[in-house]
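What follows is the residue order along each chain.
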Amino acid sequence: MRTKLITLVLAGMTFIATDSFARKVYVKLGTDTQAWSNVVEDNDNVVITLPSGSSDFVLNVIDQLQEGDEVWVAKGVYENSATMILNADNNRTDVTLYGGFIGTETSIEQRAKSDVDGNGIVEPWEFTNVTNFKGKGSADDASSTFVMLSMQSGTTVDGVTISDNYYTGQTASGGSIGGNGTVRNTIFRNLVTENKTDGKNITGGGIYISGGHVDGCLIESCAAIQIANNGGQNQGGGVLIYGVSDNNCGIRTPSGYLKNSIIRNCKSEGGSKPMGAAIFYKNGAIVENCVIANNASTRGANGTKDGQGVIQGHTKGDATYEVNRFINCTIVNNVADIYTIFFEAACTEVYNCICWGNTTGGKDYPTQDSDYNNNIRWAAESNVKSGTYPYVESFAYNSAGIYNIASVQNTYSPILLSFPLVEGTSETEGENPEFVNPTIYPGLAITDEDMDNIRKANWSLKEGSPLINAGVNTPNNMGEFVANATLPTSLPEMDLLGKVRVGNFDLGAYEFGAVSGIRKSTIDTTCRIFSNEGALQILGLNDVAIVQIYALDGALVYNATIDTENVVLPLSLKGCYVVKVQDVNGVYGQKVIF
């Protein structure tokens, strides 16, 4: 094991910890007279002020960026006229773009967050000062000829809102995140892809992840809509995620994931197969710590088949054997005409997930009177399912029925949940999941009041929920094809909000009773954290590590990603703090007096 020494020297000064970048580029609108007035410009610090009368980031900024730039974009609405391209073809590799600034900050950690949607939780994407990249309209009469974003390996976008683009074509309106590109703490909202060409598939309504990383994001009110009379398939109203691209031949190592995010009020409509309203997945996709709520797949005016699969795996006959995983997801109040949830791909594993309130009928969606009136469908390719897939462990559901349950390849004891009570219904068998504040109806928002209800929903668990401590901490599938899975030694030790899971993990995206930055289990002996002669030392880390320091009241006072052998990070800290370190071996934490 390679040992890495990290020394944090405590000094009486404020220090901004950043990685080494070619330049720092500060961007603001021409109408903003205050932002970045504290910046002293030189070759390494550049301020770009958009010209008067223009708010187009792509037109005025994107071609001025260089490889390795760190870009800080102040609050405001930037109305783009073309795709924001961040990749090697345009010499923009290793560009990191941050938003969420008022324009006086001197560190990334100073960006203010607040409970913007009023659900009682401050979520990773809720920046008080919004940096909003807007497209061309959000309706058919204001359609766009471009997608919003194109990024590849080495590029990162963090803390922005990408919204309001009605793209006429087949690829995701919000754009693509490929080849280990990363989007964090970002909102994708009101992004629609509409296809008018016969026989063409839509590959993502909101965003298309092909080996890329999406972490701590909100995907809201996105859609894939087929208008063509002989429309093709809709593959993901909110998200299309491939663990690895179909174009990647030879040895295929999946890297694509969607983590710590919420997908809500998205839809897939029309075409030969309107499916995957929230998520369409394939090729080793990882979906972890996500809330998937109030989405809908429906036939639409020109649809030839009923909407199916708010979550939809690629058809099981595609002969790709990378293992797809859904881990600690809360899948609630979604609607489809048939089969709300399709856990159907060659290889799928499901751990610690909740499926509740999903229906094949609901608000403005008539229930189908047929054998297809089931909420969940399990299936796998016949030559891989023998003793291996699909694999399910620690699962809670309520359902009008589960189709093909015999295909699940392991013995498990699901928790049966009661149906949500609606007008004209009575109490049903099963346990109440005890969510803090669930939405009051399934499916999409029709009115502003409906949308407010969706945004204020809180899907964390109340004290006494039967789903607390009902999960597993370690994946146990050891069957054939697991070699394709890159099986982790444990399931994620933090929940959607970055709080450390304790004891037996809860089901769903939120851990009841979790504490920011504190792990109650024994610290792994490979990691040592101690204070010595005015410096904090951390020994025994592997590869990239995240170091966070919390006050005892839970406030985060320091956060940095460390990827060098030795680093000195002066801090102004005195008192007792909790130091948390996360690396490939897990999460470690302890109290330290500075």
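These lines cover the structure that appears in this document, whether it is placed above or below. (Residues numbered from 1 in each chain as written. Predicted model: local features only at pLDDT ≥ 70, side-chain atom pairs only at ≥ 80, totals over all residues. Heavy atoms only, no water.)

1. So, the overall build of the protein
In step 1: Per the secondary structure count, the protein includes three helices and 48 strands.
In step 2: Expressed as a percentage of the 594 residues in the protein, the buried residues total 59%.
In step 3: Pairs at least 24 residues apart make up 73% of the contacts formed inside the protein by residues separated by at least 6 positions.
In step 4: For the protein, the exposed surface amounts to about 23000 Å²; the carbon and sulfur share of it is 47%. (Helix = DSSP H or I, 4+ residues; strand = E, 2+ residues; numbered from the N terminus. Buried < 20%, exposed > 50% of the residue type's maximum accessible area, 1.4 Å probe, protein only. Contact = heavy atoms within 4.5 Å. Areas by Shrake-Rupley, 256 points an atom, 1.4 Å probe, with all protein chains shown as cover.)

2. Looking at the packing of aromatic side chains
In step 1: According to the stated counting rule, one finds 15 aromatic pairs in the structure shown.
In step 2: Across from the ring centre of F101, 5.7 Å away, lies the NZ or CZ of R111, which sits over that ring. (Phe/Tyr/Trp six-rings, centres within 6.5 Å; stacked < 30°, edge-to-face > 60°. Lys NZ or Arg CZ within 6 Å of the ring centre and 35° of its normal.)

3. Some words on the nonpolar core
In step 1: Judged by nonpolar contacts, the single largest core of 78 residues is most densely connected at V27, F57, L258, I279, F326, F343 and F395.
In step 2: Contact partners of F395, with chain neighbours within four places excluded, come to F343, V350, C353, C355, I376, W378, Y412, P414, I415 and L507.
In step 3: The next biggest cluster of nonpolar side chains, apart from the first, holds 23 residues, and it includes V291, W356, I415 and L467. (Core = buried A, V, L, I, M, F, W, Y, C linked by side-chain atoms within 4.5 Å.)

4. Section: the sheet that holds strand β20 (residues 233-235)
In step 1: The sheet built from three strands is open, its strands ordered β15-β20-β25 with parallel pairing. On the outer flanks of this sheet lie β15 (202-203) and β25 (273-275), each paired with one strand and no other.
In step 2: Strand direction decides the pairing type here: β20 and β25, joined by three bridges, are parallel. Looking at the pairing, Q235 lines up with M275 of β25. (Pairing = 2+ DSSP bridges.)

5. Some thoughts on the side chain of D56
In step 1: Note that D56 resides in the loop between β3 (45-49) and α1 (57-60).
In step 2: Summary of buried charges: D56 has no salt-bridge partner, and the nearest side chain of opposite charge, K136, is 11 Å away.
In step 3: Within the local environment of D56, its side chain forms a polar contact with the backbone nitrogen of V58, the two atoms lying 3.1 Å apart. (Lys, Arg positive; Asp, Glu negative; His and termini not counted. Salt bridge = Lys/Arg side-chain N within 4 Å of Asp/Glu carboxyl O. Polar contact = N/O pair within 3.5 Å; in protein donor to acceptor, adjacent residues only side chain to side chain.)

6. Some thoughts on the pairing of strand β16 (residues 207-210)
In step 1: Relative to β16, strand β12 (residues 176-178) is paired through three bridges, and the arrangement is parallel. The residue of β16 that forms the bridge with S176 is Y208.
In step 2: For β16 and strand β21 (residues 239-242), the ladder comprises four bridges, and the chain directions are parallel. Within β21, the residue paired with Y208 across the bridge is L240.

7. Notes on the pattern of salt bridges
In step 1: Counted according to the given criterion, the structure contains 14 salt bridges.
In step 2: Between D32 and K75 there is a salt bridge, with its nearest N and O atoms 3.6 Å apart. Of this pair, D32 sits in the loop between β2 (24-28) and β3 while K75 sits in the loop between β4 (70-74) and β5 (76-79); the two residues are 43 residues apart in sequence, bridging distant segments of the chain.
In step 3: For D32, a relative accessible area of 12% gives the class buried.
In step 4: Among the ionic contacts, a cluster of salt bridges with common partners joins D117, R189, E220, R264 and R455.

8. Overview of the side chain of N358
In step 1: Here N358 lies in the loop between β35 (348-356) and β36 (376-379).
In step 2: Its relative accessible area of 3% is what places N358 among the buried residues.
In step 3: There is a polar contact of 3.3 Å between the side chain of N358 and the backbone nitrogen of N333.
In step 4: A polar contact is formed between the side chain of N358 and the backbone nitrogen of N334, at a distance of 3.0 Å.
In step 5: When sequence neighbours within four positions are dropped, the list of residues in contact with N358 reads I331, V332, N333, N334, T340, I341 and N375.

9. Some details on the pairing of strand β7 (residues 96-101)
In step 1: Burial analysis of β7 places six of its six residues in the buried class, which makes it a mostly covered element.
In step 2: Bridge analysis of β4 against β7 gives four bridges, and the strand direction is parallel. Among the inter-strand pairings, A74 is bridged to a residue of β7, identified as F101.

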